[in-house]
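Single-letter residue listing:
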Amino acid sequence: MKLNRKAFFVIGILVIISAVAAWYFYPSPLVYSESFESDFGEWIADADVPLDPNNPGHPVDWNVSRVSSLAYSGEYSMELYIDGKQDDGTVWIEKKISVKSKPQIRIEISFEFYSEQESFNVIARVCAYAGVSNPEVEDDFGVLGSANEVAGWKKYRYATTVHTGFEGEVWVAVGITVGWETEMTYNIDDVRVTIR
Ligand SMILES: [Ca+2]
Ligand SMILES: [Ca+2]
């Protein structure tokens, strides 16, 4: 039997409805990419550092700045500096992201990380965070590996499932934590956050 026009029309409508439903219930991932070419891209500098015995009442020196001296792509990257002589301290950049209200989401972070030198000793560790609260202390972070695996740029990745409790927002962060008693500088570029 030949399908008439009406049947084609009904089938067409059903196909459209299923496509819209699939799009709504299985949305494509949210992706945030930042190469720091025009500004901080809504990333904020933060740190958890010890007091400096050489400068009573003050924390050790640390700084996060956007620099043109090094870049993985474009002309700028983020430079993280810390005076690690107290063998302690964590410095990072963090960002708040609005998410669709879901009980749990998958967050993947990848970024390019620059170390001036390769070292068998762990001078610093690369760390990352993703969760519902604003990261404030070293313990909030997961360690991804040594910061000194190569001289030059290396890609690091972090992935986790976050139970949002329908909060509607999550925080992500990437940074370094001191592993050796020395001053240190590292760079970060091309941060990519994928949320599913
Ligand atoms: Ca860049
Ligand atoms: Ca913070």
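Our structure's up above, just so we're on the same page.
Nothing here was measured: the structure is a model prediction, and the numbers come from that model.

Caption draft 1: Here's a closer look at the side chain of Asp83. The residue Asp83 is located in strand 4 (residues 77–83) in this model. A distance of 3.0 Å separates a polar atom in the side chain of Asp83 from the backbone nitrogen of Lys85.

Caption draft 2: Structural context of the sheet that holds strand 5 (residues 90–98). Pairing in this open sheet of five strands is antiparallel, and the strands run 2-5-10-7-8 from one edge to the other. What marks the edges here is a single partner per strand, and that holds for strand 2 (44–48) and strand 8 (142–146). Each strand of the sheet is rotated relative to its neighbour by a mean of 25°, with strand direction disregarded.

Caption draft 3: Local environment of a nonpolar patch on the surface. A cluster of nonpolar side chains, contributed by Phe9, Val10, Ile13, Leu14 and Ile17, occupies part of the molecular surface with about 490 Å² of accessible area. Mapping Leu14 onto the fold places it in helix 1 (residues 5–25).

Caption draft 4: Spotlight on the coordination of the calcium ion (ligand 2). Protein-derived ligands of the calcium ion (ligand 2) are Asp46 (OD), Glu94 (OE), Glu94 (OE), Asn134 (OD1), Pro135 (O) and Glu136 (OE), with the metal-ligand distances lying across 2.3 to 2.8 Å. Each of the six donor atoms around the calcium ion (ligand 2) contributes to a set of angles spanning 53 to 172°, which defines the coordination as irregular. Going along the chain, you hit the donors of the calcium ion (ligand 2) in the pattern D-x47-E-x39-N-P-E. For Asn134, a relative accessible area of 27% corresponds to the partly exposed category.

Caption draft 5: Quick peek at the coordination of the calcium ion (ligand 1). Those protein atoms acting as donors to the calcium ion (ligand 1) are Ser35 (O), Ser35 (OG), Glu37 (OE), Ser73 (O), Tyr76 (O), Asp189 (OD) and Asp189 (OD), and they sit at 2.3 to 2.6 Å. Ordering the donors of the calcium ion (ligand 1) by residue number gives the pattern S-x1-E-x35-S-x2-Y-x112-D. Of this pair, Ser35 sits in the loop between strand 1 (30–34) and strand 2 while Tyr76 sits in the loop between strand 3 (62–67) and strand 4, and the two are 41 residues apart along the sequence. Look at Ser35 and you get buried, because its relative accessible area is 17%. Taking relative accessible area as the criterion, Tyr76 reaches 26% and is therefore assigned partly exposed.

Caption draft 6: Quick look at the side chain of Ser35. Looking at Ser35, its side chain comes within polar contact range of the side chain of Ser73, at 3.1 Å. A distance of 3.3 Å separates the side chain of Ser35 from the side chain of Asp190, its partner in a polar contact. The contact partners of Ser35, leaving out residues within four places of it in the chain, are Ser73, Tyr76, Asp189 and Asp190.

Caption draft 7: Local environment of the packing of aromatic side chains. Counted under the stated rule, the structure contains seven aromatic pairs. Between Phe111 and Tyr156, the ring centres sit 6.1 Å apart and the planes meet at 20°, which makes this aromatic pair stacked. With Phe111 in strand 6 (residues 104–115) and Tyr156 in strand 9 (residues 152–163), this pair connects stretches of sequence that are 45 residues apart. By relative accessible area, which is 4% here, Tyr156 ends up buried. Ring geometry for Phe113 and Tyr156: centres 5.5 Å apart, planes at 75°, overall edge-to-face. Here Phe113 is found in strand 6, whereas its partner Tyr156 is found in strand 9, with 43 residues between them in sequence. What makes Phe113 buried here is its relative accessible area of 1%. Put simply, the rings of Phe111, Phe113, Tyr156 and Tyr186 pair up and form one aromatic cluster. Taking NZ or CZ as reference, Arg66 lies 3.9 Å from the ring centre of Tyr76, over its face. The ring of Tyr156 carries Lys154 above its face, with NZ or CZ at 5.4 Å from the centroid.

So, how was this worked out
- Residues numbered from 1 in each chain as written.
- Chains lettered and ligands numbered in written order.
- Predicted model: local features only at pLDDT ≥ 70, side-chain atom pairs only at ≥ 80, totals over all residues.
- Heavy atoms only, no water.
- Helix = DSSP H or I, 4+ residues; strand = E, 2+ residues; numbered from the N terminus.
- Polar contact = N/O pair within 3.5 Å; in protein donor to acceptor, adjacent residues only side chain to side chain.
- Pairing = 2+ DSSP bridges.
- Axes fitted to C-alpha atoms, helices over the stretch in contact; angles between N-to-C directions.
- Patch = residues over 30% accessible without salt bridge, like charges linked within 9 Å, V, L, I, M, F, W, Y side chains within 5 Å.
- Areas by Shrake-Rupley, 256 points an atom, 1.4 Å probe, with all protein chains shown as cover.
- Salt bridge = Lys/Arg side-chain N within 4 Å of Asp/Glu carboxyl O.
- Donors = N, O, S within 2.8 Å, 3.2 Å for Na, K, Ca; no water.
- Tetrahedral: all angles 85-135°; square planar, octahedral: opposite > 155°, others 65-115°.
- Buried < 20%, exposed > 50% of the residue type's maximum accessible area, 1.4 Å probe, protein only.
- Contact = heavy atoms within 4.5 Å.
- Phe/Tyr/Trp six-rings, centres within 6.5 Å; stacked < 30°, edge-to-face > 60°.
- Lys NZ or Arg CZ within 6 Å of the ring centre and 35° of its normal.

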